[in-house]
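Chain residues, written in single-letter form:
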Amino acid sequence: MSKEKQGNMKIQNSIRIPWEMIFFTGSAIRLAHAVYVFICNDWEWPGAGVPEYKGEFQNPKQGAVSFHVATAIIWTIILAYQFYTGLTNKNLNIHRILGWIGLGFAALTSVGGVLSVDFISIPSHVLSFIARQLRHGAPGFFFEAIWGVLAIAKFKDLERHKKHMYLAMFGTFADAGNGFSIWLSRKLSTGTGWEVWAQDFAVLSLNFLAILPWFLPQFSPHVTQVIKRIKLSFSYKNSTWVDIMWDVIGFYTVFVAFLLLMSNLTGVIILLKMNKSQWMFDGNAMANFVKPSFNQSFSPSSSSNCLSQSLWDIEKCF
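Okay, so let's go over this structure. None of the values given here were measured: they were computed from a predicted structure. (Residues numbered from 1 in each chain as written. Predicted model: local features only at pLDDT ≥ 70, side-chain atom pairs only at ≥ 80, totals over all residues. Heavy atoms only, no water.)

### Examining the overall build of the protein chain
The cut-off we apply is this: For helices the rule is a DSSP run of H or I covering at least 4 residues; for strands it is a run of E covering at least 2, with both sets numbered from the N terminus onward. In this description, contact between two residues means that some pair of their heavy atoms is separated by no more than 4.5 Å. To measure how exposed things are, a 1.4 Å probe is used in the Shrake-Rupley method; for residues, cover is taken only from the protein chains shown.
Scanning the protein chain for helices and strands turns up 12 helices and zero strands. Helices (α) and strands (β) of the protein chain occur, in sequence order from the N terminus, as α-α-α-α-α-α-α-α-α-α-α-α. In the protein chain, once contacts between residues fewer than 6 apart in sequence are set aside, the share between residues at least 24 apart is 72%. Total accessible area on the protein chain is roughly 16,100 Å²; 67% of this is exposed by carbon and sulfur atoms.

### What to know about the packing of aromatic side chains
For clarity, the cut-off: Only the six-membered ring of Trp is used, alongside the rings of Phe and Tyr, when aromatic pairs are assigned; centres must lie within 6.5 Å, and planes under 30 degrees apart are stacked while those over 60 apart are edge-to-face, with the rest tilted. Placement of a positive charge over a ring is assigned whenever Lys NZ or Arg CZ falls within 6 Å of the ring centre and within 35 degrees of the normal to the ring plane.
All told, the structure shown has 11 aromatic pairs when counted by the stated rule. The interplanar angle of 45° and the centroid separation of 5.8 Å between the aromatic rings of Phe142 and Phe143 together place this pair among those described as tilted. Of the aromatic side chains, those joined through ring pairs into one cluster are Phe83, Tyr166, Phe170 and Phe219. Just above the ring of Trp246 sits the side chain of Arg160; from NZ or CZ to the centre is 4.0 Å.

### Brief notes about a nonpolar patch on the surface
What counts is decided by this rule: Each patch is assembled from residues with relative accessible area greater than 30% and no salt bridge, linking like charges that lie within 9 Å and nonpolar side chains (Val, Leu, Ile, Met, Phe, Trp, Tyr) that lie within 5 Å. Salt bridge, as used here, is a side-chain nitrogen of Lys or Arg placed within 4 Å of a carboxyl oxygen of Asp or Glu.
A cluster of nonpolar side chains, namely Ile230, Phe234, Tyr236, Ile244, Val248 and Phe251, defines an oily patch on the protein surface of about 550 Å² accessible area. One can find Ile244 in helix α11 (residues 241-273).

### Some details on the pattern of salt bridges
Rules: Three exposure classes are used, based on accessible area relative to the maximum for each residue type with a 1.4 Å probe and protein chains only: buried under 20%, partly exposed in between, and exposed over 50%.
In this structure the tally under the stated criterion is one salt bridge. The closest approach of N and O atoms between Asp247 and Arg229, which form a salt bridge, is 2.5 Å. Of this pair, Asp247 sits in helix α11 while Arg229 sits in helix α10 (residues 221-231); the two residues are 18 residues apart in sequence, bridging distant segments of the chain. For Asp247, a relative accessible area of 2% translates into the label buried. We classify Arg229 as buried; its relative accessible area is 1%.

### Notes on the packing of helix α5 (residues 127-137) against helix α9 (residues 195-211)
Put simply, the test is: A fitted line through C-alpha atoms serves as each axis, taken over the contacting stretch for helices, and the angle formed by two N-to-C directions is quoted from 0 to 180°. Helix crossings get a hand from a simple test, with the near helix turned counterclockwise from the far one by less than a right angle marking a left-handed crossing and a clockwise turn marking a right-handed one. Only Asp, Glu, Lys and Arg are considered charged in this grouping, and only Ala, Val, Leu, Ile, Met, Phe, Trp, Tyr, Cys and Pro are considered nonpolar; every other residue, Gly among them, is considered polar.
Across the interface, α5 lies against α9 with an axial gap of 10 Å and an inter-helix angle of 35°. Relative to α9, α5 is oriented so that their crossing is left-handed. On the side of α5, the interface is formed by Phe129, Ile130 and Gln133, while α9 contributes Asp200, Val203, Leu204, Asn207 and Ile211. Among the residues forming the contact of α5 with α9, the class breakdown is five nonpolar, two polar and one charged.

### Focus on unusual backbone geometry
A positive phi angle, near 55°, is found at Asn89, a position not held by glycine. Mapped onto the elements, Asn89 comes out in the loop between α3 (62-88) and α4 (92-117). If you check the backbone angles, Lys156 has positive phi at about 55° while not being a glycine. As for its placement among the helices and strands, Lys156 is situated in the loop between α6 (140-153) and α7 (158-176).

### Here's the deal with α9
Filter applied, for reference: Expected helix span is computed as 1.5 Å times (number of residues minus one).
Along its 17 residues, α9 runs 25 Å from first to last C-alpha, staying within 8% of the 24 Å computed at 1.5 Å per residue. For α9, the tally of buried residues reaches 13 of 17 residues, placing the bulk of the element in the interior.

### Brief notes about the layout of surface pockets
The method is simple in principle: a probe with the dimensions of a water molecule rolls over the atoms, and the space it marks as empty is what remains. How we decide: Cavities and pockets are found on a 1 Å grid laid over the protein atoms alone: a cavity is a set of points where a 1.4 Å probe fits but cannot escape, a pocket is an open set with protein on both sides within 12 Å along at least five of seven lines, and a lining residue has an atom within 4 Å of such a point. Grid points are joined across faces, edges and corners, and a volume is the space filled by probe spheres set on the points.
If you add up the space inside the largest pocket, you get close to 670 Å³. Forming the walls of the largest pocket are 26 residues, and the residues nearest its centre are Gln82, His95, Ile152, Leu158 and His161. At the level of elements, α3, α4, α6 and α7 are the ones that each hand at least two residues to the lining of the largest pocket. In terms of residue count, α4 provides more of the lining of the largest pocket than any other element does, eight residues in total. By residue class, the composition of the lining of the largest pocket is 16 nonpolar, seven polar and three charged.

### Some details on the environment of Pro123
Among the structural elements, Pro123 can be located in the loop between α4 and α5. We classify Pro123 as buried; its relative accessible area is 0%. For the pair Pro123 and Tyr53, spaced 70 residues apart in the sequence, the C-alpha separation amounts to 8.5 Å.

Written as structure tokens, this is what we have:
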């Protein structure tokens, strides 16, 4: 190998972002927080993971919520172990078996989340945007896990397998990380009167950042597939049914990811445009809030058109 190539490799290695370490650290923090909240609340998950929301703002489908969080904890542990064994090529036989078990827990986690999202009832200025992400985006990590397992088990495509599992990791963070981000943002803003605004901003910002990898070729096989098809001028000469399948999955996923990205960005913009009189509340006085429904927001300036759960109505918010 030439000295020039060796130098280029050193530069690339020096600027490489340690995504695996970020993931493992984030997983540890998230798991510790989830277990702590569970223990402190008699093994029940309070609304949005906020102990103050327990009771009046408790989700009517509390069983589904607690089930969802419990399975999400197991799924995250399995996913972390899978990344460790996959990246180090250790215990690959266990890796294969645990992959199928993990897929089952991913399915249970997704189902639990979908069953409980219709009954979200917490103080929020942008509840509809948070609910939209949970309804349409949360199951995304499960589908990425499916495509990842399919890529390696059926088609022996290791590179695609890795990328889909990276997206499953980011998708898990987009929603599972919300509990910790809400807790941290409220802690940092305690006593200021804008605890609810802070939690909303933290959730939507985390969602926005976690969706971005779906548009980066180094992480997203969907974008790679779309770019490949565009370069071929949508010609399907010599294409197989597998190529067509990945095309359909790729175009659909990129489209939905774009709509969700715009949805979270719109929610952030609404929060930033609010004036002090609209977001200043006594963080300790829940009586200041009218208990919301799934299709209701606390933002006085928000149009009712802005609150639809349909991904097609996002443009009405501008």
